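Coordinate inspection notes
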Amino acid sequence: MKPIGVGIVGCGGIVLQNHVPGLALCPEARLVALCDTDAGVLARAGQQTGVGAMTLDYRELVARSEVDAVIIATPNFVHAPIALAAIAAGKHVLCEKPIAMNYAEAKAMADAAQKAGVRHMTAFTYRFVPAMRYMAHLVKAGAVGEPYHFRSCRLQDWGTRAVGWRQVAKLAGTGELGDMLSHRIDYAHLLLGPIRRLVADDRRFHDVRDGQVSDLEDWIGIMAEFARNRASGMLESTKVATGRGSGARSQDYCEVNGTEGSIVFQLERPLEIQVTKQGEAGLRTIPVPEEFLKWPGSARDPHAGDPAFTFRYDQDVEFIQAIVEQRPCVPSFHDGAQAQAVMDAAVLSIRDRRWVDVA
Ligand SMILES: NC(=O)c1ccc[n+]([C@@H]2O[C@H](COP(=O)([O-])OP(=O)(O)OC[C@H]3O[C@@H](n4cnc5c(N)ncnc54)[C@H](O)[C@@H]3O)[C@@H](O)[C@H]2O)c1
């Protein structure tokens, strides 16, 4: 079989951390072209990957005949135009989260991909954490019964450090909401299904980060109602939890309580979950079973490397497998758009200071 040619648009942090090692696990895929508007970043990515076909213009990359699939890892404001150009050229697309600046853009991307018959995937990376996969399996199998509560808490300490395009509304759309909470909104959808309505609030504690203006929120909180069982959702995410650290070793906590039991996930402990059931007095820690330690079909050795990072490679495996098997990717642009609908509702709720139904 001819290898699947992959082109990457936006060659910054996340590409080198997640997607390049992820693609290396896929014998069916070959990285064939790179694009970045920053010539220095592009040259460095070329050196690190050995890929010679490089361009500053994404239109050139998506037009290349050897490119079958495109990974988009630019700042958020250009996700939609790049994705739509790639789809129009008949390419499969894996797009970083949040996939768009608002729900209308995200839906247009999902509709265009659906119509063109190309594979489409949202990089909701934390769905691939072994503990999250196992938690989702247990919830679906009825281990917690009918859900009462979903709770998610992402605490990091980024202090007053500059975060580049992430602190600029016209480049990022939203701050902590899109950057961090979008993943946790996706946990909520994965575990309990659609959020029906919500009320939200946010704060910006730092108008300036390392001398650069910030016009986006550092903290976001959402209180939600799910369609299923009218379960309640509490979602909170912050960049200013002083002293709590940052990245994979800082708090990313998610809990579901239901009629039969409760399950707790923590990103810091990606290979175990905590469970309890009716009649028990507290949580028990259990290991994630072997079959959930990696994505089915992934060539990754789940016992090699740092488990706080290696699961991330499985999302590229899923993208390539879906292309080979001609089936929908999980999570798709529909999942990305669903999260975006919740984000739009949160933005509206904050603006109008009221409960908002999710589109
Ligand atoms: N899934 C995850 O866990 C995760 C983690 C980090 C970042 N992200 C997402 O990945 C995306 C990129 O984040 P990052 O941390 O790698 O950012 P980054 O700033 O490190 O890299 C982005 C790159 O895109 C380039 N770029 C900007 N406009 C471009 C254009 N029009 N065409 C081509 N290249 C362009 C920039 O020059 C830069 O090199 C964002 O959407 C972010 O939210 C996802």
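Residue positions are counted from 1 within each chain, in the order its sequence is given. The model is predicted, so local features are restricted to residues of pLDDT at least 70 and side-chain atom pairs to those at 80 or more, both for listing and for counting; the totals for chains, interfaces and linings are taken over all residues.

So, the site of the ligand
Residues in close proximity to the ligand total 24 residues, the closest being Gly10, Gly12, Gly13, Ile14 and Glu96. Here the residues of the shell around the ligand are counted per class, giving 11 nonpolar, eight polar and five charged. Throughout this description, a residue near a molecule or strand is one whose C-beta atom, derived from the backbone, lies within 6 Å of it. Here the term charged refers only to Asp, Glu, Lys and Arg, the term nonpolar to Ala, Val, Leu, Ile, Met, Phe, Trp, Tyr, Cys and Pro, and the term polar to all other amino acids, Gly among them.

A few points about the packing of helix α8 (residues 176–192) against helix α11 (residues 333–352)
When two helices pack together, their arrangement is captured by the angle between the axes and the distance separating the axes. Axis lines are fitted to C-alpha atoms, over the contacting stretch for helices. Their N-to-C directions set the angle, which ranges from 0 to 180 degrees. Only DSSP runs of H or I covering at least 4 residues are called helices, and only runs of E covering at least 2 are called strands; the numbering of each starts at the N terminus. Contact pair α8 / α11: the axes reach a minimum separation of 9 Å and the direction vectors enclose 115 degrees. For the pair α8 and α11, the sense of crossing is right-handed. Between α8, through Leu177, Gly178, Ser182, Ile185, Asp186 and His189, and α11, the contact on the second element is made entirely by Asp335, Gln338, Ala339, Val342, Met343 and Ala346. Partitioning the contact of α8 with α11 into residue classes produces six nonpolar, four polar and two charged. In this scheme the crossing of two helices becomes right-handed for a clockwise turn of the near helix relative to the far one and left-handed for an anticlockwise turn of less than a right angle. C-beta atoms are first placed from the backbone for all residues, and any pair lying within 7 Å is then listed as a contact.

Remarks on the sheet that holds strand β2 (residues 29–35)
Pairing is parallel across the open sheet formed by six strands, whose spatial order is β3-β2-β1-β4-β5-β6. The strands lining the two open edges of the sheet, one partner per strand, are β3 (54–55) and β6 (120–122). Note on pairing: two strands pair once DSSP finds at least 2 bridges between them. Pairing analysis gives two bridges linking β2 to β3, with the strands arranged parallel. Counted as the bridge partner of cysteine 35 is threonine 55 from β3.

Quick word on the domain arrangement of the chain
Each domain span listed reflects an automatic or database assignment of domains. Segmentation of the chain into domains returns domain 1 (4–125 + 325–332) and domain 2 (126–299 + 338–357). On a C-alpha basis, the centres of domain 1 and domain 2 stand 25 Å from each other. Between domain 1 and domain 2, the residue contacts involve 15 residues of the former and 19 residues of the latter. When its residues are assigned to classes, the side of domain 1 that touches domain 2 shows 11 nonpolar, three polar and one charged.

Quick notes on the sheet that holds strand β15 (residues 272–277)
Taken together, nine strands build an open sheet; the order of strands is β16-β15-β14-β13-β7-β12-β11-β8-β17 and the sheet is mixed. Lying at the two open borders of the sheet, with one neighbouring strand each, are β16 (284–287) and β17 (356–357). Both strand β8 (residues 195–203) and β17 contribute to a ladder of two bridges, which runs antiparallel. By the bridge assignment for β17, arginine 197 is matched with aspartate 357.

Topic: the pairing of strand β12 (residues 232–238)
Here strand β7 (residues 147–155) runs beside β12; their pairing, made up of seven bridges, is parallel. Along β12, the bridge assignment pairs histidine 149 with serine 232. Two elements, strand β11 (residues 219–226) and β12, share seven bridges in a ladder whose sense is antiparallel. Pairing of isoleucine 222 across the sheet is with leucine 235, part of β12. Where β11 hands over to β12, the hairpin turn is made up of five residues, of which asparagine 229 adopts a positive phi near 60 degrees.

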